[in-house]
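Spelled out, the chains give:
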Amino acid sequence: MIPRRFDRILDDCLLRMDRGESLMDILAVYPTQAEKIKPLLLVAMLSRALPQPVPGYTALREGKNQLLAEMASMQAEDSFLKPKPVQPPRERVVDRWIGSLKSLQPVYRFATLALVVFLTGGFFTLSASASGLADNIMHTLYYSFEQVGDLLLVKPAAPKPVGENPIFSSDYHLPDSPPDYSGGYKSLRVDQDQKDKNKTGQSGEQVPAQIQTRVYSFAEKYNGEEVLVEAAEEEVELLDDALDEGQVDVIDDNDQEKEEKQEEKEAEKVIKEEEKEAEKVIKEEEKEAEKVTKEDEKEDKKETKEEEKDEKKEAKE
Amino acid sequence: MDINEKALLYRAQTGDRRAAETLYERYYLDIYTYLYYRVSDESTAEQFSAEVFVHMIRKLPQFTNHKITFLSWLYDIAGDLVDQKQPTYQPELFSAAMLGSDQDSESKTANDCFKLAIRHLNDQEKRIIVHRFVEGRSVKDLMKITNKSERAIQSLQHQALKSLQIALEREESL
């Protein structure tokens, strides 16, 4: 049985021979197999050196004539395959479009082509100008295009500043039915500083305690973004009701701080407990190690004693 | 098999003379070379080559197996033809006639030795020697022609070279 590995080595040698490497170079690559490879490579070289046989021209002509004669007899017998009917190729969309363009008058044809070129060119120009720098003309082009877009497109109304909010305006009236705070007002934020300010008021006079406790700023959602809005005095009662009924969540900054402190304490406790457990484990391991060493020492002593006894016995014998 | 050859074959299958002539001109030399080293005689190789293409055109309407190449199919036809015409081969009978009347056994050239030696190989070994070394085809080409794996081709070429080496030593000693 010939090993497969040798087949591969021989094939590699033949490939090297194809590339034009000399026999000595090839054998040097596989010095251990050189004795086996050399005669085979010589045979391959001899085979390669053989001239290609050239057929005679008359024989070539005669062979072709025989072939054509056979074809003629086969055609008489009708033994060839019958050719399939050739189907016309399907018309592509582009071809159809070009065809319809050709049917137009030259003026319309030119106008259509100009429109296509303008739109395509405009699209690519705008795409390229999006990354233009401020000084670049492309940037100016893109900026002006954006301005035109702003003029043409209707954007949703931006949130008004706190002072301009209708809640704080003098002609603001509470609705007859209480508003649904669960939808509009997502949360109430108790602002301790704001409360202190309100205690004294902006002009310095004292504010009644009832109002003091009930002045809040609350988070409202404008276009998906949370904005802090101060509650109007007229809304305080409604907000109280909403709070009592649990329609809104109160976010107290003080509560948040307390929670954070508690979490920190808990985390410290956990770390301390883990450290204690780790110390316990280390101590136990050290004790076990000491036990093992003591036992080993005892066993060694026993063995030495037994060996001494045996030696003494042998000496006596 | 590329698209052009498929189209050419289809045209020949439907009786197109030009397509059949193109196939003949494209593959004649390959078949002739193979037959020349198989039968070791020029006139016999020419005669057999013509017959191979007659057989080819007869069988062509049934050639639908595109897993093997057309050339591989032609080689199979040529091999079958030689087996039919020369079923019992005796190499000793051919040597003197092959080398020509003027040459005696002492003035054998390397080519003549090769011609004589290759007759001692079996059909598979001959095919490998002719395709790989005489025609200079690559292992990948041989994989397509013989429909065998790379390992099988590597093993076969080793075996063929070994057999040819033994046969050459034998012929040189004679």
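Remember, it's a predicted structure, so these values are computed and weren't measured experimentally. (Residues numbered from 1 in each chain as written. Chains lettered and ligands numbered in written order. Predicted model: local features only at pLDDT ≥ 70, side-chain atom pairs only at ≥ 80, totals over all residues. Heavy atoms only, no water.)

A.B. asks: What's the story with the overall build of chain B in this structure? I'm lost.
C.D. replies: A count of helices and strands for chain B gives nine helices and zero strands. Reading the helices (α) and strands (β) of chain B from amino to carboxyl end gives α-α-α-α-α-α-α-α-α. Here chain B holds 174 residues, and 52% of them are scored as buried. Considering only contacts in chain B between residues 6 or more positions apart, those separated by 24 or more positions represent 61%. Total accessible area computed for chain B in this model is approximately 8,300 Å², and 47% of it derives from carbon and sulfur atoms. (Helix = DSSP H or I, 4+ residues; strand = E, 2+ residues; numbered from the N terminus. Buried < 20%, exposed > 50% of the residue type's maximum accessible area, 1.4 Å probe, protein only. Contact = heavy atoms within 4.5 Å. Areas by Shrake-Rupley, 256 points an atom, 1.4 Å probe, with all protein chains shown as cover.)

A.B. asks: Sorry, what's going on with the overall build of chain A here?
C.D. replies: Within chain A one finds 12 helices and four strands. Classification of the 317 residues of chain A by burial places 21% in the buried group. The contacts of chain A with a sequence gap of at least 6 include a subset with a gap of at least 24, amounting to 54%. Approximately 25,200 Å² of chain A is accessible, and the part contributed by carbon and sulfur atoms is 55%.

A.B. asks: Please explain the interface of chain B and chain A as it appears in this structure.
C.D. replies: Interface size is commonly expressed as the accessible area that is lost once the parts come together. With 44 residues of chain B at the contact, the number on the chain A side is 40 residues. Taking both sides of the interface into account, the surface hidden between chain B and chain A amounts to around 4,100 Å²; carbon and sulfur atoms contribute 65%. It is Tyr24, Phe133 and His158 of chain B that lose the most area in chain B upon contact with chain A, and together they represent 15% of the buried surface on that side. In this structure, the connection of chain B to chain A is made through five salt bridges. Among the ionic pairs, Glu70 of chain A bridges to Arg58 of chain B, the shortest N-O distance being 2.9 Å. Connecting chain B to chain A are 13 residue pairs in polar contact (both at pLDDT 80 or more). The element that contributes the greatest number of residues to the side of chain B that touches chain A is helix H2 (residues 17–39) of chain B, accounting for 11 residues. Here the side of chain B that touches chain A is built from residues that sort into 24 nonpolar, 10 polar and 10 charged. (Buried area = accessible area lost by both parts, 1.4 Å probe. Salt bridge = Lys/Arg side-chain N within 4 Å of Asp/Glu carboxyl O. Polar contact = N/O pair within 3.5 Å; in protein donor to acceptor, adjacent residues only side chain to side chain. Nonpolar A, V, L, I, M, F, W, Y, C, P; charged D, E, K, R; others polar.)

A.B. asks: Where do I start with the environment of Leu29 of chain B in this structure?
C.D. replies: When you line up the elements, Leu29 of chain B lands in helix H2. Here the alpha-carbon distance between Leu29 of chain B and Ser49 of chain B, two residues 20 residues apart in the chain, equals 8.9 Å. Ignoring sequence-local partners within four residues, the contact set of Leu29 of chain B consists of Pro53 and Pro55 of chain A.

A.B. asks: Looking at this structure, I do not really get the packing of aromatic side chains. What am I missing?
C.D. replies: Aromatic ring pairs are reported here in terms of the distance separating the ring centres and the angle at which the planes meet. All names here are of chain B. A complete count under the given rule lists 13 aromatic pairs over all chains for this structure. On the numbers, 5.9 Å between centres and 70° between planes, the contact of Phe63 with Phe70 is edge-to-face. Phe70 matches Phe63 in its accessibility class, with the two residues each being buried. Ring centres of Phe63 and Trp73 lie 4.6 Å apart, and the angle between their planes is 35°; this geometry places the pair in the tilted category. Of this pair, Phe63 sits in the loop between helix H3 (42–59) and helix H4 (70–85) while Trp73 sits in helix H4; the two residues are 10 residues apart in sequence, bridging distant segments of the chain. (Phe/Tyr/Trp six-rings, centres within 6.5 Å; stacked < 30°, edge-to-face > 60°.)

A.B. asks: For this particular structure, what's the right way to read helix H3 (residues 34–49) of chain A?
C.D. replies: Residues spaced three or four apart along an α-helix point in a common direction, a consequence of the helix completing one turn every 3.6 residues. Look at H3 of chain A: 22 Å from first C-alpha to last across 16 residues, which is about the 22 Å you get at 1.5 Å a residue. Looking only at H3 of chain A, the buried set comprises Ala34, Ile37, Leu40, Leu41, Val43, Ala44 and Ser47 of chain A. (Expected span 1.5 Å × (residues − 1).)

A.B. asks: Teacher, can you tell me more about the confidence of the model for chain A here?
C.D. replies: Any segment with low pLDDT has predicted coordinates that should not be analysed in fine detail. Residue and element names in this part refer to chain A. Residues with a pLDDT of 70 or more make up 62% of chain A, whose mean pLDDT is 74. Mean pLDDT across the elements of chain A bottoms out in helix H10 (residues 209–213) (42) and peaks in helix H2 (residues 23–29) (92). Segment residues 166–175 is flagged for pLDDT under 50; beyond a separation of four residues in sequence, or across chains, it makes 14 contacts in the model. Confidence over residues 190–215 falls short of pLDDT 50; this stretch has 25 contacts with residues more than four positions distant or in other chains. (pLDDT = per-residue confidence, 0-100.)

A.B. asks: I keep staring at the side chain of Ser47 of chain A and nothing clicks. Help me out?
C.D. replies: Inspection of the secondary structure puts Ser47 of chain A in helix H3. Not counting residues within four places of it along the chain, the set of residues in contact with Ser47 of chain A comprises Phe114, Ile129, Phe133, Val134 and Leu164 of chain B.

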